[in-house]
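So the chains spell out like this:
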Amino acid sequence: MKPLAQVLLAVVLAGLQAALLHWLGGGAFSVSLLAPCIVYVGLHAGNVDGALAAAGIGFVLDVLAGTPKGLLTSLGVAVFLVARAAAAAVDIRGRSGFAVLSGLAALGLSSGALLLARYTALPEAAPGLTLLPRMLGEALLTCLVSLAVLPGMRRLDGLFHREEPGLLR
Amino acid sequence: MFALLRRYRDLLLVAALLVVPLGVFFANAKKASERSSLDRAVLWLTTPVERAVAWTVTGSLEAWHGYVALRHVREQNVELRHELTRLQVERQQLLSDRSEAERLRRLLSFEEAAPMRTYLGAKVIGVRLGPTGLQLVTIDRGSADGVARMMPVVVADGVVGRVHAVDGHAADVLVLTDRNSSIAVRVERTRARANVRGLGKPDACKLDYALRAEDVIEGDALVTSGTDGVFPGGLPVGRVTQLRKSANGLFQEGTVIPGVDVTRVEEVLVITSAERAPEALPAALAPGAAK
């Protein structure tokens, strides 16, 4: 149930992202509100729940970006695993750690998509390295806006949190 | 065996979620993607959010412009009246010029009938110009309004793109700067043929397939040639810049600055039909003419 709710939140955020980018700059820059969602499930969800949510969010990215099916779904799960590995190696509790990881996740998603699309697309339609500044800008902005996504994800998490009777806090 | 599967069930599931979509991607990467009902459901959920944000922002802006920003309106009003008088005089002059041009055109028989295009106005409600996927803008008109795939989308400054996917009340427009967009064009000055292909970023396109021998210079205006089956001829596309001729090769290369800044588009026109009246054959070629 929780992965489904997280995917639904991702859908709402994706719509919000498209509309806000239209009003703020008209698309001159881009930002990924969904990368922080994947990072959050990587840091806080279980293996199966988190992977399902990450795949769902990746699917939403696939649909909205118009990329061939499976590209961002797979990359979403990969980013989830990387976030999980990072959480195991380093203690990421603060907002700044989350923001940095979200920025890196956005960069990972876009560079992964670029590499895979280069590998499969026709040479004349393959994305080039000219997109690199735009990808770095997207990562930087994602890093900043992830701090606005974090409370939403926490609140959603709280809705599914059950108090265990007798547990000392 | 089952015990082993049960033991590594979580790991296998995560691996499947990673590998299966990748397989699906490689299997379908070179096919044109069609939207499934699940895709449409996702987009159906995002459209109201985009509309709600558009409504809120427009409402706030209207409130601002309608009440708060009305200071100094009297002085502006006087200035605008003067401007209006001047423009009315210019308009009369232009109407007179147009009338003369019409008469000359009829005399020279260049064109018997005017193009009969029908347009549908639409508002941009969302943009997806990220580096990851397609360069799309979402408009608030869909199949219920008569919009269909591949219809050209334009503004007064020129081509915006073509309709990529349509839902009931919204449509995605693939803008001309997308990597998958290729528009057949002519150089307005010399009628030389070329293609304009997107680079995946909103401020520049690439000049493709312009033969070395063709007369193209920097600053040349490009218009649609009408030969790609999507865009009617004569629509402005952009201007040539950074033209390069390598020592060998068939083609010259260049960059095209699009006539339309896709990041600033607010309202667009969808060309819902671009039929032209059939042109009459010259008398000598008409069926039944004496040989």
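Residues numbered from 1 in each chain as written. Chains lettered and ligands numbered in written order. Predicted model: local features only at pLDDT ≥ 70, side-chain atom pairs only at ≥ 80, totals over all residues.

## Looking at the overall build of chain B
Part 1: Of regular secondary structure, chain B possesses four helices and 12 strands.
Part 2: When the 291 residues of chain B are sorted by exposure, 33% land in the buried category. (Helix = DSSP H or I, 4+ residues; strand = E, 2+ residues; numbered from the N terminus. Buried ≥ 20, exposed ≤ 12 C-beta atoms within 10 Å, placed from the backbone.)

## Side note on the overall build of chain A
Part 1: From N to C terminus, chain A includes six helices and zero strands.
Part 2: In chain A, which comprises 169 residues, the proportion classed as buried is 52%.

## Thoughts on the sheet that holds strand β6 (residues 182-187) of chain B
Residues and elements named next belong to chain B.
Part 1: Within the closed barrel, the six strands sit side by side as β6-β7-β8-β11-β10-β9. Their pairing is antiparallel. Geometrically, the sheet is characterised by an average inter-axis angle of 40° between neighbouring strands, direction not taken into account.
Part 2: Bridge count between β6 and strand β9 (residues 221-224): three bridges; the pairing is antiparallel. Directly across from Val185, in β9, lies its bridge partner Thr224. (Pairing = 2+ DSSP bridges. Axes fitted to C-alpha atoms, helices over the stretch in contact; angles between N-to-C directions.)

## Notes on the packing of helix α1 (residues 2-23) of chain A against helix α6 (residues 132-159) of chain A
Residues and elements named next belong to chain A.
Part 1: Across the interface, α1 lies against α6 with an axial gap of 11 Å and an inter-helix angle of 150°. Relative to α6, α1 is oriented roughly antiparallel. Handedness of the α1/α6 crossing: right-handed. For the pair α1 and α6, contact is made by Ala5, Gln6, Leu9 and Leu13 and by Val149, Gly152 and Leu156, respectively.
Part 2: Along the lines of polarity and charge, the residues of the contact of α1 with α6 split into five nonpolar, two polar and no charged. (Parallel < 35°, antiparallel > 145°, perpendicular 65-115°, else oblique. Left-handed = near helix turned anticlockwise from the far one by under 90°. Contact = placed C-beta atoms within 7 Å. Nonpolar A, V, L, I, M, F, W, Y, C, P; charged D, E, K, R; others polar.)

## A short note on the sheet that holds strand β3 (residues 152-155) of chain B
Part 1: If you walk around this closed barrel you meet the six strands as β1-β2-β5-β4-β3-β12 (chain B), and the pairing is antiparallel. Averaged over neighbouring strand pairs, the angle between their axes works out to 45° when direction is ignored.

## A look at the interface of chain B and chain A
Part 1: Taken together, the 47 residues of chain B in the interface contact 48 residues of chain A.
Part 2: Residue assignment for the side of chain B that touches chain A shows that the elements contributing at least two residues are α2 (9-28), α3 (37-66), β1 (118-128) and β2 (136-139) of chain B.
Part 3: Examining the composition of the side of chain B that touches chain A, we find that 11 residues originate from one element, α2 of chain B, more than from any other.
Part 4: Across the side of chain B that touches chain A, the residue classes tally to 27 nonpolar, 11 polar and nine charged.

## Describing the nonpolar core
Part 1: Core analysis: the largest hydrophobic core is formed by 113 residues, its most contacted members being Leu34, Cys37, Ile38 and Val60 of chain A together with Val160 of chain B.
Part 2: Take this core: its biggest share by element is 12 residues, from helix α3 (residues 47-65) of chain A.
Part 3: Aside from chain neighbours lying at most four places away, what touches Cys37 of chain A is Gln6, Leu9, Ala10, Leu13, Ile57, Val149 and Met153 of chain A. (Core = buried A, V, L, I, M, F, W, Y, C linked by C-beta atoms within 7 Å.)

## With respect to the confidence of the model for chain B
Note: predicted coordinates in regions of low pLDDT should not be interpreted at a detailed level.
Residues and elements named next belong to chain B.
Part 1: Averaged over every residue, the pLDDT of chain B is 80; the share at 70 or more is 85%.
Part 2: Ranking the helices and strands of chain B by mean pLDDT puts strand β5 (residues 171-175) first, with 94, and helix α1 (residues 2-7) last, with 75.
Part 3: The model gives residues 106-114 a pLDDT under 50, and that stretch makes five contacts with residues more than four places away or in other chains.
Part 4: In the model output, the complex is listed with pTM 0.67 alongside ipTM 0.80. (pLDDT = per-residue confidence, 0-100.)

## Overview of the pairing of strand β8 (residues 205-211) of chain B
Strand residues, when the strand is regular, have side chains that alternate between the two faces of the sheet.
Residues and elements named next belong to chain B.
Part 1: Here strand β7 (residues 193-198) pairs with β8 via four bridges, running antiparallel. The partner of Val196 across the bridge, within β8, is Leu207.
Part 2: Taking the residues between adjacent antiparallel strands as the criterion, β7 and β8 are bridged by six residues, where Gly200 takes a positive phi near 90°.
Part 3: Alignment of β8 against strand β11 (residues 251-258), held across five bridges, turns out to be antiparallel. Its bridge partner being in β11, Leu211 is matched across the sheet by Phe251.

## Comments concerning the confidence of the model for chain A
Part 1: Confidence in the prediction of chain A, expressed as mean pLDDT, is 85, and 95% of residues score 70 or more.
Part 2: Of all secondary-structure elements in chain A, the lowest mean pLDDT belongs to α1 of chain A, at 85, while helix α2 (residues 34-44) of chain A reaches the highest, 92.

## A few points about α3 of chain B
Part 1: Helix length check: α3 of chain B (30 residues) gives 43 Å between terminal C-alpha atoms against 44 Å at 1.5 Å per residue, within 8%.
Part 2: Taken together, the buried positions of α3 of chain B are occupied by Asp39, Val42, Leu43, Thr46, Thr47, Val49, Glu50 and Val53 of chain B.
Part 3: The inward-facing, buried residues of α3 of chain B abut α1 and α3 of chain A together with β1 and β2 of chain B. (Expected span 1.5 Å × (residues − 1).)

## A look at the packing of α2 of chain A against α3 of chain A
Geometry of a packed helix pair, given as the angle between the helix axes and the separation of the axes.
Residue and element names in this part refer to chain A.
Part 1: The geometry of α2 relative to α3 is characterised by a closest axis approach of 9 Å and an angle of 170° between their N-to-C directions. Judged by the inter-axis angle, α2 sits roughly antiparallel to α3. Only Gly50, Ala53, Ala54, Ile57, Val60 and Leu61 of α3 make contact with α2, whose side of the interface consists of Leu34, Cys37, Ile38, Val41 and Gly42.
Part 2: Considered class by class, the residues forming the contact of α2 with α3 number nine nonpolar, two polar and no charged.

## A word on the pairing of β1 of chain B
Residues and elements named next belong to chain B.
Part 1: Sheet topology note: the β1/strand β12 (residues 267-273) ladder contains six bridges and is antiparallel. Its bridge partner lying in β12, Leu120 is registered against Val270.
Part 2: Of the pairings in the sheet, the one linking β1 to β2 comprises four bridges and is antiparallel in character. Bridging across to β2, Gly126 finds its partner in Thr138.

## Quick word on unusual backbone geometry
Residue and element names in this part refer to chain B.
Part 1: Here Arg191, not a glycine, exhibits a phi torsion of approximately 65°, which is positive.
Part 2: Structurally, the position occupied by Arg191 is in the loop between β6 and β7.
Part 3: Among the residues examined, Arg191 registers 11 C-beta atoms within 10 Å and is labelled exposed.

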